[in-house]
Every structure is written in structure tokens, then in C-alpha cells.
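Observations on the three-dimensional arrangement
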Amino acid sequence: MLFRKMIRDLLQSKVQFLSIFLMSFLGIFVFAGLDSEASGMALYESKYYEKTDLPDLWVQGKEFKDYDLKVIRSLPGVKKSEKRIQKDGKALLKEETDLQMNFIESNDIGKMLIVSGEPYNPGESGVWIDFKLAEKQGLSTGDILKMKLEGTEFEEEIRGTFYHPEYVYFLPDAAAMMPDYGSYGEAFMDIEEYPMEPAFNQIIVDLEGVDNTGGLSDKEKDICRRMGDAIASALDSDRIVATDKDSQLSYQTFHAEIEQHQSMTYMFPAVFLLIAILGIITTMTRMTSRQRIQIGTLKALGFTKKTITIHYASYSFFLSLTGGIMGALLGYNTIAELIIGMQGSAYLVPEMKTAFSVRAYGAIIVSVAVSTLVSFLSCRKELAPAPSETLRPASPKNLKHSLIEKSRLWMKLDFATQWNIRDIMRNKVRSAMGIFGVLGCSMLLFAAFACLDTMDFLSTWMYGELNTSSYQIIMENDTPYSVTEEYAKKYRGQMVQNGSCEIEVMGVKKSGALTVYDTGNFLHFEDRNMKQIRLNRRGIAMSCKMADTLGVKEGDLFRWHVLGDDKWQVSHVSLLYRNPTVQGITMTRELYSDMEYDFVPDVIYTNMNAKEELSDDDNITGVQSVGEMMEAFDSMKEMMYMMVYILVCAAGILGIVVLYNLGVLSLVEKHRQMSTLKVLGFTTGKIRLILQDQNTWLTLLGIILGIPCGMWLVSRLFSTMPESMDYIATFKPMSFVYTFAGTFALSFAVNRLLSRKVKNVDMVDALKG
Amino acid sequence: MPFIEFKNVERRYMLGTNEFYALKSVDLEIEEGEMVVILGPSGAGKSTLLNLLGGMDSPTGGEILFNGHDISNFKDDELTAYRAWNVGVVFQFYNLIPTLTAYENVALMKDVRRNVKKGSIWEKESEGVEVMDPALALSSVGLSEHMNQFPSQMSGGEQQRTSIARALAKNPRLLLCDEPTGALDTGTGKEVLKLLQQESRKNRHTVVMVTHNSFFADIADRVIRVKNGTVQSVEINESVKDAEEVYW
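These remarks concern the structure in this document. (Residues numbered from 1 in each chain as written. Chains lettered and ligands numbered in written order. Predicted model: local features only at pLDDT ≥ 70, side-chain atom pairs only at ≥ 80, totals over all residues. Heavy atoms only, no water.)

**Thoughts on unusual backbone geometry**
Residues and elements named next belong to chain B. Within the chain, Asn95 stands out as a residue other than glycine whose phi angle is a positive 50°. Relative to the assigned elements, Asn95 resides in the loop between strand 6 (87–90) and helix 3 (102–115). Overall, Asn95 belongs to the buried group, its relative accessible area being 13%. Backbone geometry places Asn171, a non-glycine residue, at a positive phi of 55°. Following the sequence through the fold, Asn171 ends up in the loop between helix 6 (156–169) and strand 7 (174–178). By relative accessible area, which is 26% here, Asn171 ends up partly exposed. (Helix = DSSP H or I, 4+ residues; strand = E, 2+ residues; numbered from the N terminus. Buried < 20%, exposed > 50% of the residue type's maximum accessible area, 1.4 Å probe, protein only.)

Right, here's the structure in full:
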């Protein structure tokens, strides 16, 4: 019978209980959605890497021999190793297309996962290309693919298409921000097909004790570092560079994305759970105090305290459990599917499905346990006394004057203000819940706008501040400097060389970008605070994110070398600059040449449109306009818009539910006071204004607290980006205005809707009894 | 051995630093099956007496014996078991659960016995006494037609009869009534009194009724007058009237 009582009580106070249900629902809905997506990605990442055996170490060098491979294989802790040649070449299609070529002897580590065609067998001729390239360029098995490598043209029959674990995420060059798979690609061929004298430049290694699941643990990182050092010393430490998975762009980016999603998983549900808790406190405290006589009756009839406690705790238990289960099921089937579907364009994995993890069950259990406990604590007050006491109406609260009521200011305040201050002070939890509700609403709204701001700023920052050119002319590989210089002169451009280097500080090695620039006015630099700075012509500057990763600051020493070159240099950090997508070191051409390196620029930045003129030029790979480069943002923005919609909807629901619930509660409690005011001659309009005043104060306070929380949320969100990205959480003034106006409008509308009920307050009815 | 015995019972409250006696040095006896009326003005201590009888409160001094068992030092769960097995309560304002129908309010009593601590002395003493079928309990008070109505759909008299049905459903050895006609008109009040008297006479259940209405003394076997927290007199009524014959 008590269960029936609970169901009917729930229906009778449906607005209040609905808010508890919705908060529990939304919390788990978002949690389960994000968690199932992140868990799915993590699960299928592990499965994929396990199946294809992603290498644990990549050893780069100039000319590896069989002997080197033998040395590595003889090291304890090495499971398998293979040597190969990895070079950037071209696929000669309608247009020359970037193609990273791998010439292999065997395929036991970093295996191709064949999509179509035949599997690779050592010694067989032909080429295997990534399936996105085949798809976009209209290539299929049996076609002949013409290619060019270091000036040599050759052709092979396409034997198959594949997915490859080292190419889950990859970019054509350092200037690219987002992948556009299919407009460049990668290929695998047998070493016999290498068109020149083979010189192996890479050895991939599979290690004992390092598996392919769940990212690299500290122990695994340690093994990788030790084995990297062991290989370096076994061969010739200055000649080679060993990098682990964490420095491999594809693995690192994909894994960081998963980790970012996992960290986001906890942020939003925490807000909803907090509001659910406040909702439970206000609703259950009021409900049990309203049902005081009923509780006394149940006690008098012989119900045990335990039974009555369970009965009242079961309200929240029931609501949070049904809310949790429904949220989990719906979150799993909507948010998770939606987000994971959008990952398909950014990452090349054969299979990516959502996975319901133990954490989702855990979240339901935590939500239910916390809600039930809070409910129990809220009811305790009415359950503790003897039945004889509970059967009597509660004695009125012993009210004391607060400080403000004792101050001189108090008497100067008008009636409405005094009334509202007293109401807030005497209903602290209810008021706190109102503030929290508005806080949550404005926080989410602000986060939504700030995400858009950040994305907008990113493109402006990249292509309006750091690079002010309108076009980039991309040179063919190994174009001699003299030729590139001619183009630079002709198009009044700035030459830049993009390469890779390895940086070492206190034994910690990181791969990074090496940018060498010639004089010109297109490349600019900004410090940590986004102020324009000029790089020291004689010093090496380091990107802030790289410096933070390595734990260095301006003036500190570090060791570095160009990838593929043995010579280690010792330099000090002359300046720190900020770049959103390229992390590494930057220097002038003069300094680079002084260190006896050849300046081989691969890009010319210009403001002159050379697109048509250079379309058939043999020395030019392509000319890209800023507009084209910015298009790469589109898929990223699409994802961001989706997140913004979710945030705005969540903010709206949160705001409406919490404010409406509190409004109803407040009206019920003030019914008698309002009818008294009516009897005394206050007009309905005046009473509505009094209610509106209080609502305005709480809303203002909620927004004032909510916006900094939103700023924190967005900063936290962008700080979990991969190591290669350094996005700055941006807050435009209009976002503050929109958040303020949006939250206020919502709060005002809810209050208007509610305060209409003042009209229906019946003076006679309310003053009875 | 009397069915109920109060020995020098006191109930003291602290009001700030001051002591206040709601009951002081109360001695009284009640026999099983009696219809007892406790009379007194407001604030005399009638309700405190009823609360102590019903195990809804504990005395701060003295002994209360129920069927020979001292319940004055009972812990919370023991008192709950005492109430669950022995006591039925009828309140002045009915105290029905507003979200349950008449039937469901009565059926609650089944839950009471189900959830109470097992193996108590009361359980052994009440062996074979079952909770009545709610429909039967309701028809015994003439509410067969109203079983599916919520309290808000019933008149005051119907609500009080439901309250009595709920109390009787337990087959309690002690039926306590706190101003059971206080909120009813004379006609309906008389119906309620008839039910209570019938319960005492027919089923030999002890009925203790608290009231400030001295006319009710006529239907009682024993009349206890209370004033200022003390028992002023205990009278045995030699010429008990039927509830029909009482007017107020």
C-alpha cells in the first residue's frame, strides 16, 4: 500500500518530482552517451591495434642494414622487428597527389587490414593503397597506379586497399589543420618494387610487455623509453631516433581524442547530479514536513521507523533509478551514436561502435545511492521524534533577525525588498537551488557560445594573425633552393621550410615540428598572452605547448636534432611562442644556415594569386587559398555545432525545469501570504512584481556565478586537447551578452508564466483553517 | 491482574530550562473489555495519557503495565511492535492517508504486521489473531459502497468510520480514540459511538476514549477524570447507557 501511496504522491507533486527525475535522467543520459561513445572508441581502438599489431617503437635512421635489424632482434625485450623504407612521393592521378610510400620486406607488425583485393605476401609485386584514396580518386583493384618518388616515375598494379593502424589519423603536411582523407594517402609495396637502390630508413619494433590496449601505462612508457635507449646505444645513438606511440601523430591524436571524451564524460553529469540533489533536498524536506501528520499516523499505527524511512527514501530511489535507466538507454542510443558517427570523418578505423561500459552502471548506482541517501537525510528530521510528537503540528520556527535586518539600512528598504530578503534567508536551500539552476543554465549556455568563439577565433588566429598570406604555394619535394627562390621573388612571397626534429630535455625526448623561415611579412608570432613578438634572429624559439610538455622555460638549454640527421645541437630557448596546431621549434634561415644545414623551403606564402598560373607547373605541388585551408575547419565546426546544440538544449531544460519547479514550490508556500497581501489591498500586479523581484535577484546571482563556471568549463575542455594542439579558449563579449540575455529571458518567461497563478489566489480559501 | 495498570506515572517536558509536568503521579487500572472514557478540559493531560497508553510516547517516571508487561522502559522498536500487535487508534481528524482509497487505508494494516519485528512477546500472545480482510472491516462499519473512494471524496463521518475500520482491522486488544466525534455533527458522532461501544461489547476489546464531552461518561464502564496532569477520580459506571440514548 505504501508503494501505491508513493506513486500517488509522485503524481500529486509531479512538477517537483519531475525535476528530480529529469535531472537524474539528463545526468545519466549525458554520461552514458559520452561514456558509451568514448568506451566504444577505446574498445575498438584496442581491438584494431591488437588485430593489426601496431608497432611500439619507430626507429628512424639513414641507412639501416640487415645487421642493425639483427642487433635489435637480439636485444632482450624485443618481440619482433621489421625494416622498411618510408618516403613521401606522389601518385600521378588527374592531379599529383601526396602519397606516403612504404616499402616493406614483411608485414608482421603494423599489419594492413585488407578492405578489397588480395593480402600482401613478401616478394609480390603491386601496390596496396589506403581505401579512402581509392574511394575518393575512383581507383580499384587491377588499375595501374603511376607514382613518382624523388624524381623517378614508376607504376604498379593496385593489388588491394586497406586500413592501416599507423594511419588512423594523418595529415598531408605540417601546414594542414584537419584531415581530408582521399586527397592524399599512403601506399605499401614490397621492397623489390623500390625504384632505386634501397636504403632502409625505418625499423619498426614490437616489444615484450607493451600491449595494444588501453593506451600506454606508466610501466609501458618506461619499457618503451628503456628499449629506445637500449636500441640507440646498441646501434649508434647519434645516428638514430627511436620514438614510441605517444610521439606518433596518428596514435597520439586518436588516443588523446578518446581521453578528452572520457574526461568530458564526468563534467556535465556532475552539474545535473548536484541539481538533482538540491531538488531532492527541497522537495523531500517539504514533502515530509507537509506529511508530518501522516508520518505520525503511520508510526501510531505500528509501522516501524525503518519501513517509513524506506518508504520516503524510495521516492528518490524510484525516480533516480527510472531516470537513470531511461537516461542510460536513450543516451546510449542517441548521443553516443551521434558523436561516434561523426568521428568517422576524422579517424580511419574499420569499425567504431558504441559500447556500454561498467562505468554507466556505476553512474546509475552512484546517482541512485546519492539521491536515496539525500532523500533519507532530508526526511530524518520528521522521522526521529516519538509518534506523539509527530502527530502534533510542528512548532513554528524560532526566527531570529539576521544582520541585515538589524542594520539601519533595513528600515530604508521598501516592503517588497524586505519581504524578499526574508523569504530568501528563511528558505536558503530553495534559494540556493534556484541559484544553482540558473548557474548551471548560464554555464552551459556560455560554454556553448564560447566553443563557437574558440573555433571562430582559431581560424582568425591562424589565417589572420599568425599567417597573413592569402595563398600558399607548395613546392615539389626536393626542389632546389635556387628554383624556389625564383618563385618567391616572382610572387613576392616568404619561404618557409617545414620539417621534423627531435628535442631532448633531461632525458625526455619529444618529436616536434621544425620551422625555418626566410625574411618576409607573412609569418607572425605571438607570446603566451597573445601579444605580437618578433623572434630573435639569432635564437631558437619554442612553442609554448612543447615547452610545457618538456618543462622548459625561456633561457633553458635543450638538445635537438633534425630528423634523419645525426648531428645533435645544444641551444637555449630564446623565446616562447604560441601556435594552435604546430608544436616544436622555429628559427630564422640565417641561424639554420649558420648551423650548416641546407635551407630547403617547401612552402611560399604570398598574397598574389598564382593558382591558375601555376596549376601545371612541374615544380609546384599545388596552390591553396586561405579559403580552401579554412574549409578544413568545416568538419571540426560541424562537430562543434552538434555539441553546441546539445549544450543549449541541456541549458534550456535545466533552466526551465529548475526554475519552474522552484516557482511552483514557492507559490504553494507563499499562498497564504499572498492571499493576506490581497486581503490587505495589494493588487495582483504588485504581488507579481514582488515575486519577479526575487526571481531577478536569484537569476542575476546565478548568471554572475555561472559565467565564470562556463569559462572554467571551456578552458578545461580545450586544455584536454592532444599535445600537438594548443587551442585558446576564447570568450567574445557578445557571448557574455547572449548568455546573460538568454538566461534572463528564460528565467523571466518562466516567472511570468508562474506569476499568472497569483490571479487565481482565492483570499477566502487561503485564509481558512 | 488488571489488563492495564499505571503506577505513579509521570510525563515531564523541558521547556527551555523550566520543567513542565503534563502528567504527575498517575495511578489507574483498566480491565480487559472495558469501555473507558477519559474526561477533562483542554490541557488536562488526556492526550498525554492516551499517548502513553498507546506506546506513542514513554513516561519519564513510573510504570505502565500492559497485560503484566512493563512497557514504560521499552525501546523504540519494542514500542513499535507493541503498537503493531495491540493498539488501534482512532483520531479526531481521522488521519487517513489522503492518497490512498478507503480500502487501501485499511489494507495498510497488513503491511504493518508484515514489517514489524518478528518474535516479540506480543506476537506470541496474539497467536491466531489475523488482520481482518479490509473489505470485511469496511463493511462492518457500513462502508462497503465507499471502498474505492479517496478520503477527499468522503464525508467526515465516512472518513471517521474508515478510520475505525482501519483500527479494527488489526483486531487490536486496545482501541484508543482521541476525540473521535470532535469533528463530527451529533448524528454522525452517535453512529461512531455506537460502533465503538459495539466493538467493546461484542468483541470484548478494551476501548479507551479521550473526550472533553462529559455526556460520553454515560456509555462508559469506567470514567477517568483528569485535571492539571493528575487523575481526579475514577468511577465505575453502574448504569451504562447505549450510545443511542446519549444526547449532546
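What follows continues from the structure just given.
**Some points on the pattern of salt bridges**
Taken as a whole and assessed by the stated rule, the structure comprises 42 salt bridges over all chains. A salt bridge links Asp66 of chain A to Lys83 of chain A; the nearest nitrogen and oxygen atoms lie 2.3 Å apart. Note that Asp66 of chain A is positioned in helix 3 (residues 66–74) and Lys83 of chain A in strand 2 (residues 78–92), a separation of 17 residues in sequence. Across the pair Asp57 of chain B and Arg11 of chain B runs a salt bridge, and its minimum N-O distance is 3.0 Å. On the criterion of sequence distance, the pair formed by Asp57 of chain B in the loop between helix 1 (46–53) and strand 4 (61–66) and Arg11 of chain B in strand 1 (residues 4–15) is long-range, its members being 46 residues apart. Looking at Arg11 of chain B, the relative accessible area reads 12%, which means it is buried. Salt bridges here are not isolated pairs; linked through shared partners, they connect Arg4 and Arg8 of chain A together with Glu104 of chain B. (Salt bridge = Lys/Arg side-chain N within 4 Å of Asp/Glu carboxyl O.)

**What to know about the interface of chain B and chain A**
Across the boundary between the two partners, chain B contributes 26 residues, which contact 23 residues of chain A. Across the interface of chain B and chain A, roughly 2200 Å² is buried in total on both sides, 62% from carbon and sulfur atoms. Run the count over chain B and chain A and you get three salt bridges. At the junction of chain B with chain A, the criterion picks out ten residue pairs in polar contact (both at pLDDT 80 or more). Counting residues per element, the ones that place at least two in the side of chain B that touches chain A are helix 2 (76–86) and helix 3 of chain B. (Contact = heavy atoms within 4.5 Å. Buried area = accessible area lost by both parts, 1.4 Å probe. Polar contact = N/O pair within 3.5 Å; in protein donor to acceptor, adjacent residues only side chain to side chain.)

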